[in-house]
Amino acid sequence: MPKIKYIWTPQSQRDVFNEIVQIYMIRAHLRTQAALADRIGMNRSVLNKRLQHGGWSDVELWTLIRVLQIAPEDVAKMMAAA
């Protein structure tokens with residue numbers, strides 16, 4: 001089977017990022033994005049905008065990773081997608 005190079009589109013990058021965030025939200029017993037926003041100290045509407053369109057700052061990403069306790073290998077996947 002020939003190798004096919006996967007081309008990242010902005011939407012596919014956000015999908016990977018959001019999928020990892022959703023997995024770790026479940027592990028942290030956070031059922032809604034509002035609960036996650038409260039936990040990371042961010043306005044709910046800002047969190048929704050970041051998840052839909054990107055534009056995360058370094059501090060916001062660090063806080064998200066720390067609060068959800070995202071594993072290093074998943075952080076690497078997120079950064080490849082970010």
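Analysis parameters
- Residues numbered from 1 in each chain as written.
- Predicted model: local features only at pLDDT ≥ 70, side-chain atom pairs only at ≥ 80, totals over all residues.
- Heavy atoms only, no water.
- Core = buried A, V, L, I, M, F, W, Y, C linked by side-chain atoms within 4.5 Å.
- Buried < 20%, exposed > 50% of the residue type's maximum accessible area, 1.4 Å probe, protein only.
- Helix = DSSP H or I, 4+ residues; strand = E, 2+ residues; numbered from the N terminus.
- Contact = heavy atoms within 4.5 Å.
- Arc of directions from axis to C-beta.

A.B. asks: It is not clear to me how the nonpolar core should be interpreted in this structure. Could you clarify?
C.D. replies: One recurring pattern in soluble globular proteins: nonpolar side chains tend to sit buried together. Among the nonpolar cores identified, the biggest contains 22 residues, and Leu36, Leu64 and Leu68 are the most heavily contacted of them. Taken together, the elements giving at least two residues each to this core come down to helix H1 (10–27), helix H2 (33–40), helix H3 (44–53), helix H4 (58–68) and helix H5 (72–81). Not counting chain neighbours up to four residues away, the residues in contact with Leu36 comprise Val21, Met25, Leu30, Leu47, Leu64 and Leu68.

A.B. asks: How should H2 be read in this particular structure?
C.D. replies: Three- or four-residue spacings in an α-helix give side chains the same orientation, since the helix completes a turn every 3.6 residues. Listing the buried residues of H2 in full gives Leu36, Ala37 and Ile40. For H2, the buried positions fall inside an angular range of 100° around the axis, keeping them on one side. Packed against the buried residues of H2 are H1, H3 and H4. Downstream of H2 by a residue or two, Gly41 has a phi angle that is positive, lying close to 75°.

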